Amino acid sequence: MNSAGPPGPTGSDGLDLIPFRGVRYVPARVGSLAAVTSPPYDVVVRPDGLHHLESADPHNIVRLILPQAVSPDTRNALAADTLRRWLSEGILAPDEIPGLYVYEQRDGDHLQRGVIGALRLSEPSEGVVLPHEDVMPHVVADRAGLMRATAANLEPLLLTYRSEGSATGTTAVIERTAKRPPLLATTTEDGFSHRLWSVTDPAELAEIRTDLAHHQALIADGHHRWATYLRLRSEQPSPTPWDYGLVLLVDTARYPLRVRAIHRLLHRLPVPDALAALKGSFRLREVPGPLPHALGALADAAAHGNAFLLAGAGSFHLADAPSPDLLARTIPADRPEAWRSLDATVLHSTLLDHVWRIPEDAPEHIAYIHDAAATVAKAERDGGTAVLMHPVREEVVRDLARQGVTMPRKSTSFGPKPATGLVLRTLAD
């Protein structure tokens, strides 16, 4: 990996966000907007969360993003048929006028606003959209099959950029728009309120496009879907609608995101075996519960170096202070120190690869789960080990991405993530 990294964008070499005809639920045809939305596909805890969403409303968007059938081809065909039927029956309908969409999420005192549009795709080497994590090929293949069959972007990626923090350009349009009556407003069961507006005025669209052309973006959530966009673009002769992908862009200088960890569930490794393999290489301590107290102990330990909380079998164990000799033997030396010292690097290079010898691409061995409580619950139920992580800071992520250095996969969880189902993009647009 070139540590010098890609150059930043200048002028028209930056972000190119264009309007599209958003496809949205017709409120009169569904029980409620909240009942048809879903978290992003990779946040849904299956099967419990999937069944809950499917039962919430017969038209819940999860039937498109996570169709249930025996084979991948059958699943993808089912999603395509469902999308076509919902469009023909008027469950979903395209907006009459192409536009960009201002999107607001609020949870108590936390407010996040951004703009949803179709973003011109670019390779990482172009320095316009910066990934910060590696991807798993089987997940990209899965998402590509679904997007290819449906010919649609079913959920927006979450990308961030940084302005000077002043209310100019895109931010000015967003904040003016948020004073108008929204297209839709709903509150989902997680307590988040959501509002969506369309921006169709040519002057305002030009103001956004001109402003964003001077910025680069960081992929906060959606690396696999971005890689899928690029794969599908390569299959089509340009220019086509596949040259663009659906994204939500958030200015984190104005609206900072929350950064959380993504945890690991090791299906076939019981906690006693996990701990036995760590003896002599890590400092091991049992810490009392409940989970919030144990996570507090993890945060305290993480302030001083690499630390992990192992859970399952009715207990919590803190693993920290790894052997410097072990780290030197197992972590590649040709990366920046900021990368070498990441908890996710130590987890993957040292623990998974060398100590526990668990293949990180094998779903039968490892799952990546965003919610700590859900990870622990599944470990308790299945007899495996939950490995709970402490989040990395956004500035570390952005700095590494600008150097062209990718972090281990599933290292971070930026949020709040956009709700899936509020606006879709069909490639027939």
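All of the points below concern the structure found in this document. Residue numbers restart at each chain and count upward from 1, following the sequence in its written direction. With pLDDT at 70 or above as the cut-off, local features in this predicted model cover only qualifying residues; side-chain atom pairs require 80 or more to be listed or tallied, and sums for whole chains, interfaces and linings still use all residues. Side-chain descriptors were evaluated using all non-hydrogen atoms of the structure, hydrogens and water having been removed beforehand.

## Structural notes on the sheet that holds strand β19 (residues 385–388)
Paired through their backbone hydrogen bonds, the strands of a sheet run either parallel or antiparallel.
And step 1. Taken in spatial order, the 6 strands make up an open sheet running β15-β17-β16-β19-β14-β18, and their pairing is antiparallel. Looking at which strands have only one partner, the edges of the open sheet turn out to be β15 (283–287) and β18 (366–369). Neighbour-to-neighbour, the strand axes of this sheet turn through a mean angle of 25 degrees, independent of strand direction.
And step 2. Strand pairing is assigned whenever DSSP detects at least two bridges linking the two strands. By the criteria applied, helices consist of DSSP H or I runs no shorter than four residues and strands consist of E runs no shorter than two, each listed in order from the N terminus. Here strand β14 (residues 263–266) pairs with β19 via 3 bridges, running antiparallel. For Leu 266, the partnering residue across the bridge sits in β19 and is Thr 385.
And step 3. Between two residues, a contact is recorded if the distance between any of their heavy atoms is within 4.5 Å. Orientation is described by axes fitted as lines to C-alpha atoms, over the contacting stretch for helices, and by angles from 0 to 180 degrees between their N-to-C directions. Its contacts with the sheet place helix α14 (residues 372–382) against β14, β16 (307–312), β17 (315–320), β18 and β19, and it is angled at close to 160 degrees to β19.

## Looking at the nonpolar core
And step 1. To form a nonpolar core, buried Ala, Val, Leu, Ile, Met, Phe, Trp, Tyr and Cys residues must be joined to one another through side-chain atoms within 4.5 Å. To sort residues, take the accessible area from a 1.4 Å probe on protein chains only and compare it with the maximum for the residue type: under 20% means buried, over 50% means exposed, and anything in between is partly exposed. Core analysis: the biggest nonpolar cluster contains 112 residues, and Tyr 25, Ile 116, Leu 159, Trp 226, Leu 249, Phe 308 and Trp 356 have the highest contact counts within it.
And step 2. Among all residues touching Leu 159, those that are not within four sequence positions of it are Leu 119, Val 129, Ala 217, Leu 218, Ile 219, Ala 220, Val 247, Leu 248, Leu 249 and Val 250.
And step 3. Membership of the second largest hydrophobic core comes to 21 residues, among which are Ala 297, Phe 316, Ala 379 and Ala 386.

## A few points about the side chain of Ser 315
And step 1. Note on placement: Ser 315 falls in strand β17.
And step 2. Since its relative accessible area comes to 12%, Ser 315 is described here as buried.
And step 3. With residues near it in sequence (within four places) discarded, Ser 315 still touches Glu 286, Leu 310 and Glu 380.

## A look at the pairing of β17
And step 1. Within β17, 6 of the 6 residues are buried, leaving the element largely enclosed by the surrounding structure.
And step 2. Side chains Ser 315, His 317 and Ala 319 project from β17 onto one buried face, and the interleaved Phe 316, Leu 318 and Asp 320 project onto a second face that is buried too.
And step 3. When β15 meets β17, the two strands line up antiparallel, connected through 5 bridges. Among the inter-strand pairings, Glu 286 is bridged to a residue of β17, identified as His 317.
And step 4. Looking at chain direction, β16 and β17 are connected through 6 bridges and run antiparallel. Bridged to Leu 310 within β17 is His 317.
And step 5. Adjacent in sequence and paired antiparallel, β16 and β17 are bridged by 2 residues, among which Ala 313 carries a positive phi angle near 55 degrees.

## Considering the pairing of strand β8 (residues 157–161)
And step 1. The buried count for β8 comes to 5 of 5 residues, which makes it a mostly enclosed element.
And step 2. Because side chains alternate across β8, one face comprises the buried residues Leu 157, Leu 159 and Tyr 161, and the other comprises Leu 158 and Thr 160, equally buried.
And step 3. Across 5 bridges, the pairing between β8 and strand β12 (residues 244–251) is parallel. Within the sheet, the bridge partner assigned to Leu 158 lies in β12 and is Leu 248.
And step 4. Here β8 pairs with strand β11 (residues 217–221) via 3 bridges, running antiparallel. Looking at β11, one finds that Leu 159 is bridged to Ile 219.

## Remarks on helix α7 (residues 202–212)
And step 1. Every buried residue belonging to α7 is among Glu 204, Leu 205, Ile 208, Asp 211 and Leu 212, and all of these are buried. Taken down its axis, α7 places every buried residue within 135 degrees of arc, on the same side. Relative to its buried face, α7 has exposed residues pointing more than 90 degrees away, namely Pro 202, Ala 203 and Thr 210.
And step 2. Sitting at the amino-terminal end of α7 is Asp 201, which places a side-chain oxygen 3.0 Å from the backbone nitrogen of Ala 203. The directions from the helix axis to the C-beta atoms form the arc being described. Under this definition, polar contacts are N or O atom pairs within 3.5 Å; protein pairs additionally need one hydrogen-donor-capable and one acceptor-capable atom, and for neighbouring residues in sequence, both atoms have to be side-chain atoms.

## Considering the pattern of salt bridges
And step 1. One side-chain nitrogen of Lys or Arg within 4 Å of one carboxyl oxygen of Asp or Glu is enough to make a salt bridge. Counting across every chain of the model gives 24 salt bridges.
And step 2. A salt bridge links Arg 283 to Asp 320; the shortest N-O distance between them is 2.8 Å. Taken together, the residues span a long stretch of sequence, with Arg 283 in strand β15 and Asp 320 in strand β17 at a distance of 37 residues.
And step 3. What emerges from the salt-bridge pattern is a single network uniting Glu 155, Asp 221, Arg 225 and Lys 417.

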